[in-house]
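Structure at a glance
Each chain is listed here by its residues.
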Amino acid sequence: MTVNSLEFLLFFAVFFAVYSAIPCLGRKCGARAGIDADADEVRRKLQNLWLLAGNIVFYAFAEPRMLPLLGGVIVLYWLFGLAAGRFGGSNERVAGLFSAAGVVSGIGSLLYFKYLDFFIESFADLLSLFGFRPGMHALGIVLPVGVSFFVFKLMSYVIDIRRGVIAPTRDFISFAAYVSFFPTMLSGPIDRPKAFLPQLATLRRFSLPMASDGCRQILWGIVKKMLLADNLAVLTDACWSDMASQSTVSVLIAVLVYPVQMYMDFSGYSDMAIGVGKILGFRVARNFSYPFFARNIAEYWRGWHISLTSWLTDYVFMPLNVRFRDWGTHGSVLAIIITFVLIGMWHGASWTFLLFGLYHGLLYVPLMYSGAFFRKSKLKEGRFGLPSASDAAKMASTYLLVALGLIIFRAPSLAGVADCFTAIFTGAGRPPLTFGLTGRELVISGAALLLSFGAVAWEWYGRKKEYVFAAPSWRIFRPRAMRIAFYAAVFIVVMMFATNSNEFIYFSF
Amino acid sequence: MEKVEILKQLETIFRDVLDNEGIVLTPQTVADDVEEWDSLTHIQLVVAVEKAFGIRFSSKEILSWANVGDLVDSVAAKLC
C-alpha cells in the first residue's frame, strides 16, 4: 500500500477521521478555554494508541507474516532502553552492556535478513573457484518490509540513551508508534528519537495551515514521482533491459537522466511521507536539500538522503574519526571510506552496492588532501539570479560524477557495469535514440525530461524553502478557490500521464 | 582555570582552526550556529583543544557533548 495508491487514500480517510476527532472527545471541538490537562493526557494516549493501531494495519497490508517480528523487536528495544537508563549513572558497565546488546542485535538482524544469503553465495562461489562444490545454497530469507529503516531507528534509540542524548521512555505505546510510524515505514525518512518522541508526548490538534502545507507537499511528491520519475523510468528501463542493442547516444542519455529520475522518485516519496506526517501534526526529518546544486561530492551527500547519511555520520563516521584522530587527514579519509562502503552496503547485499559506496568514499580523497573540502564558499548568483560560471561548471562536474556512480548502482551485477561501458564505446553504429520505445512513449518521456529540467530550475530559485511547489503568486490565484482549482488541475494532469508503475526505487531496501 | 577563561581560549582555537575571526562562543553554542563547524572540522577542533590544554578526551566524552558548554565542562574537569 503506497502513499499514492487508492487503498492508502481509503485507509487514510478512515484513520484520519478518528485521529483528528480524538482531541475533541468530550468537549466542543476548538474550545480552548478551561482545558483540562488530565483529560488531554487521556486523549493523547488514545491518539497514540490509535496511531499505533493504524501503523499495525498499514504494516499488515505490506507484510502480515512479519508483524510478530516487528512487535518482538519493538518490545525488546524498549526493554533494552529502560535497562540502559536504569543502570546508567549507577552501574555504567551494565548500562553499556544493554545498549551494546541493542547495537549487536540490530547489526545481527540486518546481517541475517539482508546479507546472509549474499555471504553464502559469495562463499560458495569462492570455493568453486578452487574446484570445490560444497553444495551450499542460499536460504531464500524473506526481507521484512522496511527493516533497513526501523532497525536504524531502534539502534539510534539505545545509542542515544547511552550517550545521554535522550532519556528512555516508559511510554511503550509512544515508543511503538514512533518505530512503526506508517508514513515513513516503507522508505524513510529515518526519524531520530530525540526529534520524534517529544512530538508523541503532546496531543496533536488539527492545524489547517500545517495540513494544507502537507497536502501541497504530497501533491509535489506525486508530481515528482508519478509524472516525472515514472515517465523517465520508461526510457532508462528500456535502455537497461536491452543494453547490447543501444546506441552510444542512447546509453549516454539514459546514464545522464538516471540521477534526475532517482531524485524525482526518492525525494518524491519523501515529500509524500513528510506531507502525510504534517497532516497528522508531525515534523518528519528532512531527506533532501537540492543535491544538484552541490559543487563537490561532499556537498552532494549533505543534500541527498540526509536522514541516512546523518545517521551514519553520527553513529559510524564520528566514532571512527574520533578513534583515528591521531592519524590526521589519513584517519579522516579512512573513516570516510569505511562509512561510504557501509552506505553502499545499506542498499543491499551485492558487489555493485559495495563498489558504489567505495567509489563515493574515494571521491572524497582528493577533496580531503587538497584541502578543498574545508574551503567553503557561498553560492554566488550572477545575471538573472543564475549561478556563476565557475559554480555552474562545478555543479555539472559533480553531476557527472554522480551519474557515473549510479551506473554501478543501477547495474544488475558487476558484469552489467561492464556491459554499460561496452555499449557506450561500441554502440556508435547502432540506430540512435529510439530506445526500442513507441513514438508516444518517446514523446511523453521527452516531455517528462523537459519538465524535470523545469522543476530543477524552479528549485534553484526556491532553494531556500523546504520545497518549492505552490500556486503562482499571480493576482488570479489569490482567492482560495482558485488555488484549489490550480492544485486540482495539476493533479488531473499527473493522473492523465501517470504510468501503471507503482514501484518506488527505495522500497527494495 | 576559570570556565570563562577556558571559553575565551576555546574561542581563539575555534577562530584559528575554522579560519573565521567572527566566531563568538557561548556555552549554548552548537555546531549548527557556526557554518564551518561540521563533522569533519569537529575532529580538528578536538585535536587542537587537546593539544592546547595538554589533555586527552575519551571517545565517550567527545560523543556526548551537546554544546560548547559541555566541552568547557570536560576541559575544566581535566584541568582541576
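For every chain, the first residue of the written sequence is number 1, and numbering continues from 1 onward in sequence order. Think of it this way: whatever chain is written first is A, whatever ligand is written first is 1, and the rest follow in order. Given that this is a predicted model, residues contribute local features only at a pLDDT of at least 70 and side-chain atom pairs are listed and counted only at 80 or more, while totals for whole chains, interfaces and linings are drawn from all residues. Neither water nor hydrogens contribute to the side-chain values; these are computed over all heavy atoms in the structure.

**So, the domain arrangement of chain A**
Residue and element names in this part refer to chain A. The domain limits used here are those given by an automatic or database domain assignment. When its domains are assigned, chain A resolves into domain 1 (6-28 + 38-206) and domain 2 (210-288 + 429-508). Measuring from the centre of the C-alpha atoms in domain 1 to the corresponding centre in domain 2 gives 30 Å. Contact with domain 1, which involves 23 residues of that partner, is made by 18 residues of domain 2. Both faces considered, domain 1 and domain 2 share a buried interface measuring about 1600 Å² in area, 72% of it formed by carbon and sulfur atoms. Salt bridge, as used here: a side-chain nitrogen of Lys or Arg that lies within 4 Å of a carboxyl oxygen of Asp or Glu. At the junction of domain 1 and domain 2, the tally comes to zero salt bridges. Distance and chemistry together define a polar contact, namely a pair of N or O atoms within 3.5 Å, with one atom able to donate a hydrogen and the other to accept it when in protein, and with adjacent residues in sequence counting only for side-chain atoms on both sides. Summed over the shared surface of domain 1 and domain 2, the result is four residue pairs in polar contact (both at pLDDT 80 or more). Contact criterion: two residues are considered in contact whenever any of their non-hydrogen atoms come within 4.5 Å of each other. Buried area counts how much accessible surface, traced with a 1.4 Å probe, disappears from two parts once they are put together, with both parts' losses summed.

**Considering the interface of chain A and chain B**
The interface of chain A with chain B comprises 20 residues on the first partner and 19 residues on the second. For the pair chain A and chain B, the summed buried area comes to about 1600 Å², and 59% of that belongs to carbon and sulfur atoms. Among the residues chain A hides against chain B, the three largest losses belong to Arg163, Val322 and Arg325 of chain A. Together they make up 36% of the total. Scanning the region where chain A abuts chain B turns up three salt bridges. For the salt bridge of Arg325 of chain A with Glu50 of chain B, the shortest nitrogen-to-oxygen distance reads 2.6 Å. Run the count over chain A and chain B and you get four residue pairs in polar contact (both at pLDDT 80 or more). Elements that contribute at least two residues to the side of chain A that touches chain B include exactly helix H5 (147-163), helix H12 (306-323) and helix H13 (328-346) of chain A. Helical segments are the DSSP runs of H or I of at least four residues, strand segments are the runs of E of at least two, and each set is numbered from the N terminus. With seven residues, the single largest contributor to the side of chain A that touches chain B is H12 of chain A.

**As for empty space enclosed by the protein**
Residue and element names in this part refer to chain A. Only protein atoms enter the 1 Å grid used here. Points where a 1.4 Å probe fits but cannot escape make up a cavity, open sets with protein on both sides within 12 Å along at least five of seven lines make up a pocket, and a residue lines them when an atom lies within 4 Å of a point. Grid points are joined across faces, edges and corners, and a volume is the space filled by probe spheres set on the points. Taken as a whole and judged by the stated rule, the model has five cavities of 30 Å³ or more. The volume enclosed by the largest cavity comes to roughly 130 Å³. Taken together, 16 residues make up the lining of the largest cavity; nearest its centre are Lys224, Asp271, Arg286, Phe288 and Glu466. When contributions to the lining of the largest cavity are tallied by element, the ones reaching two or more residues are helix H9 (208-241) and helix H10 (248-279). For the lining of the largest cavity, the element with the most residues is H10, which contributes five residues. Put simply, Ala, Val, Leu, Ile, Met, Phe, Trp, Tyr, Cys and Pro go in the nonpolar bin, Asp, Glu, Lys and Arg in the charged bin, and everything else, Gly too, in the polar bin. For the lining of the largest cavity, the per-class residue count stands at six nonpolar, five polar and five charged.

**A short note on the packing of aromatic side chains**
All names here are of chain A. What counts as a ring pair is set by centres within 6.5 Å for rings of Phe, Tyr and Trp (its six-membered ring), and what kind of pair is set by the plane angle: stacked under 30 degrees, edge-to-face over 60, tilted for all other angles. Enumeration over the complete set of coordinates arrives at 58 aromatic pairs over all chains. Taking the centre distance of 6.0 Å and the plane angle of 20° together, the rings of Phe11 and Phe15 count as stacked. With Phe11 and Phe15 both in helix H1 (residues 6-21) and four residues apart, the pair spans about one turn of that helix. You'll find Phe11 and Phe15 in the same group, each marked buried. Working rule: Lys NZ or Arg CZ, within 6 Å of ring centre, within 35 degrees of ring normal, means a charge sits over the ring. Cation over ring: Lys114 sits above Trp346, and NZ or CZ is 5.2 Å from the ring centre. One residue, Arg463, lies across the ring of Trp460, its end atom 3.7 Å from the ring centre. Whether a residue is buried, partly exposed or exposed follows from its accessible area with a 1.4 Å probe, protein chains only, as a fraction of its type maximum: under 20%, in between, or over 50%, in that order.

**Examining the environment of Glu2 of chain B**
Residue and element names in this part refer to chain B. Within the secondary structure layout, Glu2 lies in the segment before helix H1 (3-18). A relative accessible area of 53% places Glu2 in the exposed class. The sequence separation of Glu2 and Ser59 amounts to 57 residues, and the corresponding C-alpha distance is 24 Å.

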